[in-house]
Protein chains: 2
Amino acid sequence: MTRQVVVIGGDAAGASAASAVKRALKRDVKVTILERQRYTSYSACGIPYWMAGQVDGPDRLVVRSPEEHRSRGLVVRTRVEATAIDTDRQIVTARDLTSGEEEVLDYDDLVIATGATPVRPPIAGIDLPGVHGIQLLSDGLDTLESLRSNPTHAVVVGAGYIGIEMAEALQQRGLDVTIVDMAEQPMRSLDPDMGELIASEMEGMGITYRGGEPVQAIEAASDGRVASVLTESASIPADIVVLGLGVQPNSKLAKQAGLPTGQFGGILTDDHQRVEGYRNIWSGGDCVEVVGKLTGRRMHVALGTHANKHGRVIGANIAGGDLVFPGVLRTAVSKVCDLEISRVGMRQSEAEEMGWAVVSAVVKAHTRAHYFPGSGKIRVKVIAEKGTGRMLGCQIVGMAGSAKRIDIAATAIWNGMSVEDVASLDLGYSPPFSPVWDPVQTAARKAAGMV
Amino acid sequence: MTRQVVVIGGDAAGASAASAVKRALKRDVKVTILERQRYTSYSACGIPYWMAGQVDGPDRLVVRSPEEHRSRGLVVRTRVEATAIDTDRQIVTARDLTSGEEEVLDYDDLVIATGATPVRPPIAGIDLPGVHGIQLLSDGLDTLESLRSNPTHAVVVGAGYIGIEMAEALQQRGLDVTIVDMAEQPMRSLDPDMGELIASEMEGMGITYRGGEPVQAIEAASDGRVASVLTESASIPADIVVLGLGVQPNSKLAKQAGLPTGQFGGILTDDHQRVEGYRNIWSGGDCVEVVGKLTGRRMHVALGTHANKHGRVIGANIAGGDLVFPGVLRTAVSKVCDLEISRVGMRQSEAEEMGWAVVSAVVKAHTRAHYFPGSGKIRVKVIAEKGTGRMLGCQIVGMAGSAKRIDIAATAIWNGMSVEDVASLDLGYSPPFSPVWDPVQTAARKAAGMV
């Protein structure tokens, strides 16, 4: 009999897993994707650039459409939502969102890739028209609809990656933009000394940053649409509000079926992406918790790069392979206008809270040889374990050519290198690309003198 | 008594070593640099960009002038050449190139950082006026002098890094440029399938590449200046000739003093950069041989990045420290016009010649998310050991944002990672910076399916 694989969710993790299984097992498998939306395999990370008008959307953000998946032998059911999983009988119940009809699908292997949803804290007015999370392509369409009425004032709640990217996008569209965040500095995934560089860059762009101001309520105008954002100290005019408060795993369906979830609400899997306690149920992408390689602790990190790797691992393992997902370092890159931002591993503050003895070194350097045209400023912070010198974290803020240097630190931390080892690495040098010491090495070298 | 350190050569390795010793030992040491040229601590790698008119020279290429070194407490003697070393009596004899006077300096520690000289093979006409090597700032001044007579035709002999960079520079100055090389493809540090991409890019720029044509002679015009370059099949007009045939270590002084040199003519040191067999003589930079981390074999790799690291290691060790230089992976980055080029580790052909069983994977990808403005083509080749999957080499050719990705591979190879491990790495992803799989990972993933 043909093996039946049912995949709930047709974005990065789900569609990757489905494609990998089909490619491996071909006619010996029937793979069915159930997807709530009209779209499959799209880039959520591209939505801010679509909103900014830099990228066409939504079709351009789709990596592989339902039709393309079908032409590769997958069964793709869009606008179909899985409503229940029965792990004993190995069936999934699903509802067609257009017709309302229900159906039941048998599975030999089940893949849960239900993604995540923007966090909407329980404050008054959070669900007003004109308040938008940014996750689905439909969120992008809704936001564009709000922008069609030519709003003047935008408030972005939360200064993480999506928050600052959306702030830039709205500012590029000519809106007057304010970011409000509970924390004093934007980008809490960086230490405050690095985060403040981003605050001042945003101010230079004309974006107002209001730190240390938790949002208390969102208020409506007489037409029922959003009108202002209230904090303890101000009422900030807002014709449109964008939420950049992170996302939470869509794990309700899994929970209802009795599958294990963790403290961040994500589905729990082993390193083969098998749901804990289940032989034939797999999960990956934004709906699962991942393990931090440095701490061994579980966390929730919603990123397409992990989702795609999960999909590859799940697909290979369903097909009889033996691939693992070894964990994450919370590597992230972003930009605000000309300023590039990246980080990996532990923040200084975080390491200290966990009781690790650490040193940190910050250096100012250049992205290219000092004399080379286009050489820009770059600041690099390196965090290392005291005594051993093991590199634990790195943060970079700087001009063009800065951000992806984080990959050096990510690869070094992944391998447990000491800062002295990093200073010895044979990295690429040529005046158009780097000073003779790569700035990551300059910071590592400085830290090596302190451990 | 104040300890005496004499440093022969005031460029990257020598000046770095001198500065590090002085910084560590302060008033307890007298550090004297002997430098043949007028300049110290300059960027030889910047000369092609100075020739192209992209960078001012020669002063702009100087990282630290003799005066700046002096203000930090170093004794710097420019236009002074060391002529003999007596290791028994611990003295260096030196001649002032301006006055002709000789003097003798005692040393407790000696640092030999005499650099390298462009290779000039023994062919007729190689020393004609208008034939230039590119290594010293004075070579740059001489080349500019040749360019002042508005030459029309330039021939570059050798299609390595300096060769292609100088070809671009001369082409940007409006000359008609031909590169001649013995090998069929340019850039022999890459495999031929990657090198041919560079040949076609150069052709597109209007640079003629003549591969498989060893130079037989260089001929003069009636005025005694260079006029043409002769190969087996052609006489190529040349008002100026640039040699890009690599460099050879300046180790004659060391050899005459009985110090050990290797098969490439470089001074032999241990991993602390101590000259083999000598307690208090150190050497680094372009005049030494280095050890390849993958093969354990000695080789000669003249690069500022190694020279600076040697200097740091020597300085620390003279001051009582215990730093090592662990070896090289032959990482290199360069560019021809818009095309970026980089490589690390072993070529496929080289691994096969050494009898290693390897697989290789080549992928075509994009530098950014496919939909992001400015996303350009990138081609990545990964070489891995059959069976173990250990990554052995990587080569990259592509548009802006391609070259420095080699650092991921360099750090991975340094740590002995397998291609499957590399495919699992947590690297930075965001649409302006990368596809969701970094192209290096895409190639590693493909190779992982082949080992």
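Right, let's walk through the structure included here.

Rules used in this analysis
- The written sequence of each chain sets the order in which its residues are numbered from 1.
- Working convention: letters from A go to chains and numbers from 1 go to ligands, in the order in which they are written.
- Totals for whole chains, interfaces and linings use every residue, but because this is a predicted model, local features are given only for residues with pLDDT of at least 70 and side-chain atom pairs only at 80 or more, for both listing and counting.
- Heavy atoms throughout the structure, all of them, feed into the side-chain values; hydrogens and water do not.
- Labels follow the DSSP assignment, with helices taken as runs of H or I lasting at least four residues and strands as runs of E lasting at least two, numbered in each case from the N terminus.
- In this setup the radius of gyration rests on C-alpha atoms only. A globule is expected at 2.2 Å times the number of residues raised to 0.38.
- A 1.4 Å probe rolled over the protein chains alone gives each residue an accessible area, and that area as a share of the maximum for its type sets the label: buried under 20%, exposed over 50%, partly exposed in between.
- Residue contacts follow a heavy-atom distance rule, with two residues in contact if any of their heavy atoms lie within 4.5 Å.
- For every accessible area listed, the method is Shrake-Rupley and the probe measures 1.4 Å; residues are considered covered only by the protein chains on display.
- Only four residue types enter the tally: Lys and Arg on the positive side, Asp and Glu on the negative side, with His and both chain ends excluded.
- The atom standing in for a charge is NZ when the residue is Lys, CZ when it is Arg, CG when it is Asp and CD when it is Glu.
- Buried area: the accessible surface (1.4 Å probe) lost by two parts on joining, summed over both.
- Note on definitions: salt bridges are taken to be side-chain nitrogens of Lys or Arg within 4 Å of carboxyl oxygens of Asp or Glu.
- N or O atoms within 3.5 Å of each other form a polar contact, as long as, within protein, one can give a hydrogen and the other can take it, and as long as residues adjacent in sequence are counted only when both atoms are side-chain atoms.
- Residues are sorted three ways: Asp, Glu, Lys and Arg are charged, Ala, Val, Leu, Ile, Met, Phe, Trp, Tyr, Cys and Pro are nonpolar, and all the rest, Gly among them, are polar.
- Note: two strands are recorded as paired if DSSP finds a minimum of 2 bridges between them.
- To define axes, lines are fitted to C-alpha atoms, for helices over the stretch in contact only, and angles between the resulting N-to-C directions are given on a 0 to 180 degree scale.
- Here the copies were fitted onto each other by least squares, based on C-alpha atoms from residues at pLDDT of at least 70 in both.
- Expected span of a helix, by definition, is 1.5 Å for each gap between consecutive residues, and there is one gap fewer than residues.
- In summary, the pairing rule links any two rings of Phe, Tyr or Trp, Trp by its six-membered ring, whose centres are within 6.5 Å, and it sorts them by plane angle into stacked for under 30 degrees, edge-to-face for over 60 and tilted for everything else.
- Only Lys NZ and Arg CZ are tested; either one counts as a charge over a ring when it is within 6 Å of the ring centre and within 35 degrees of the ring normal.
- By the definition adopted for this analysis, an angle is roughly parallel if under 35 degrees, roughly antiparallel if over 145, roughly perpendicular if from 65 to 115, and oblique otherwise.
- For a crossing to be left-handed, the near helix must be turned anticlockwise from the far one by less than a right angle; the clockwise case is right-handed.

## Considerations on the overall build of chain A
If you tally the helices and strands in chain A, you get 12 helices and 25 strands. By the compact-globule yardstick of 22 Å for 451 residues, chain A fits well, its C-alpha radius of gyration being 23 Å. Principal-axis analysis of the C-alpha atoms places the extent of chain A at approximately 65 × 60 × 40 Å. Going through the 451 residues of chain A one by one, you find that 59% of them count as buried. Within chain A, contacts between residues separated by at least 24 positions form 61% of all contacts whose residues are at least 6 apart in sequence. Accessible area for chain A stands at about 16900 Å²; split by element, carbon and sulfur atoms hold 46% of it. Taking the average location of the 46 positive side-chain charges in chain A and that of its 53 negative ones, the two points are 5 Å from each other.

## Looking at the interface of chain B and chain A
How big an interface is tends to be reported as the loss of accessible area on association of its parts. Taken together, the contacts link 62 residues of chain B with 63 residues of chain A. Here chain B meets chain A over a buried area of about 5300 Å², counting both sides, of which 62% is carbon and sulfur. Area buried by chain B at its contact with chain A is led by Y371, D426 and F433 of chain B, which between them contribute 15% of it. Here D438 of chain B and K404 of chain A are joined by a salt bridge, their closest N and O atoms 2.7 Å apart. For the pair chain B and chain A, the interface holds 22 residue pairs in polar contact (both at pLDDT 80 or more). Residue assignment for the side of chain B that touches chain A shows that the elements contributing at least two residues are α8 (304–318), β21 (332–336), α10 (406–414), α11 (419–424) and α12 (439–448) of chain B. Broken down by class, the residue content of the side of chain B that touches chain A amounts to 31 nonpolar, 17 polar and 14 charged.

## Quick notes on the sheet that holds strand β5 (residues 91–96) of chain A
All names here are of chain A. Pairing within the open sheet is antiparallel, and its three strands lie in the order β4-β5-β6. Because the sheet does not close on itself, it has two edges, and the strands there are β4 (80–86) and β6 (102–106). If you compare each strand with its neighbour and ignore which way they point, the axes differ by 30° on average. In this sheet, β5 lies alongside β4 in antiparallel orientation, the contact comprising six bridges. Bridge pairing in β5 links D86 to I91.

## A closer look at the relation of the copies chain B and chain A
Each copy of the sequence occupies a distinct position, and chain B is placed on chain A by a rotation of 180° and an axial shift of 0.0 Å, giving an RMSD of 0.0 Å. Within this description, the copies of the chain are treated as partners about a two-fold rotation axis. Of all interface residues in chain B, 100% are interface residues in chain A too; the two copies therefore contact each other through one and the same surface.

## Focus on helix α5 (residues 161–172) of chain B
All names here are of chain B. When the terminal C-alpha atoms of α5 are compared, their 17 Å separation across 12 residues agrees well with the 16 Å that a helix rising 1.5 Å per residue should span. Those residues of α5 not exposed but buried are G163, I164, E165, M166, A167, E168, A169 and L170. Looking one or two residues past α5, G174 carries a phi angle of roughly 95°, positive in sign.

## Observations concerning the packing of aromatic side chains
This structure, assessed with the given rule, holds two aromatic pairs over all chains. Between Y49 of chain A and F372 of chain B the ring centres are 5.0 Å apart and the planes differ by 85°, which places this aromatic pair in the edge-to-face class. Here the residue Y49 of chain A occupies a position in helix α2 (residues 47–51), and F372 of chain B occupies one in the loop between β23 (358–366) and β24 (377–385), the pair thus bridging two chains. With respect to class, Y49 of chain A is no different from F372 of chain B; both count as buried. Looking at K293 of chain B, its charged tip hangs above the ring of W414 of chain B, at a distance of 4.4 Å from the centre.

## Observations regarding unusual backbone geometry
Across the junction of G57 of chain A and P58 of chain A, the peptide omega takes the value -5°, indicating a cis bond. Looking at the element boundaries, P58 of chain A is found in the loop between α2 and α3 (66–71). Although it is not a glycine, M187 of chain A sits at a positive phi angle of roughly 60°. Within the fold, M187 of chain A resides in the loop between β11 (176–180) and α6 (192–205). Its identity is not glycine, yet R79 of chain B carries a phi of approximately 55°, on the positive side. When its relative accessible area of 27% is taken as the criterion, R79 of chain B is described as partly exposed.

## A word on the side chain of S342 of chain A
Residues and elements named next belong to chain A. Of note, S342 is situated in strand β22 (residues 339–345). Within the structure, the side chain of S342 is placed 2.9 Å from the backbone oxygen of A403, a separation counted as a polar contact. Excluding residues that lie within four positions of it along the chain, S342 makes contacts with L190, A332, V333, C394, Q395, I396, A403 and I406.

## Focus: the pattern of salt bridges
What the rule picks out here adds up to 38 salt bridges over all chains. Linking E168 of chain A and K335 of chain A is a salt bridge whose minimum nitrogen-to-oxygen distance equals 3.7 Å. Within this pair, whereas E168 of chain A is found in helix α5 (residues 161–172), its partner K335 of chain A is found in strand β21 (residues 332–336), the two being separated by 167 residues in sequence. Across the pair, exposure class does not vary: E168 of chain A and K335 of chain A are buried alike. Note that E350 of chain B and R330 of chain B form a salt bridge whose closest N and O atoms lie 2.7 Å from each other. Placement of E350 of chain B in helix α9 (residues 348–353) and of R330 of chain B in the loop between α8 and β21 is noted, with a sequence separation of 20 residues between them. Taken together, the salt bridges that share partners define one network made up of K404 and D407 of chain A together with R405 and D438 of chain B.

## Some points on the sheet that holds strand β6 (residues 102–106) of chain B
All names here are of chain B. Strand order in the open sheet formed by three strands is β4-β5-β6, with antiparallel pairing between adjacent strands. The open sheet has two free edges, formed respectively by β4 (80–86) and β6, since each of these has just one partner strand. Here the strands of the sheet are splayed against their neighbours by 30° on average, with no regard to which way each runs.

## Considerations on the packing of helix α1 (residues 12–25) of chain B against α8 of chain B
All names here are of chain B. At their nearest, the axes of α1 and α8 sit 7 Å apart, and the two run at 30° to each other. Of the possible angle classes, the one that applies to α1 and α8 is roughly parallel. Every pair of crossing elements has a handedness; the one defined by α1 and α8 is right-handed. Within the contact between the two elements, α1 uses A12, A13, S16, A17, A20 and V21 and α8 uses A307, N308, G311, R312, I314, G315, A316 and I318.

## Brief notes about the pairing of strand β13 (residues 215–220) of chain A
Residue and element names in this part refer to chain A. In this sheet, strand β14 (residues 226–231) lies alongside β13 in antiparallel orientation, the contact comprising five bridges. Within β14, the residue paired with A217 across the bridge is L230. Where β13 folds back on β14, the antiparallel hairpin that results is connected by five residues, among which G224 adopts a positive phi of roughly 90°.

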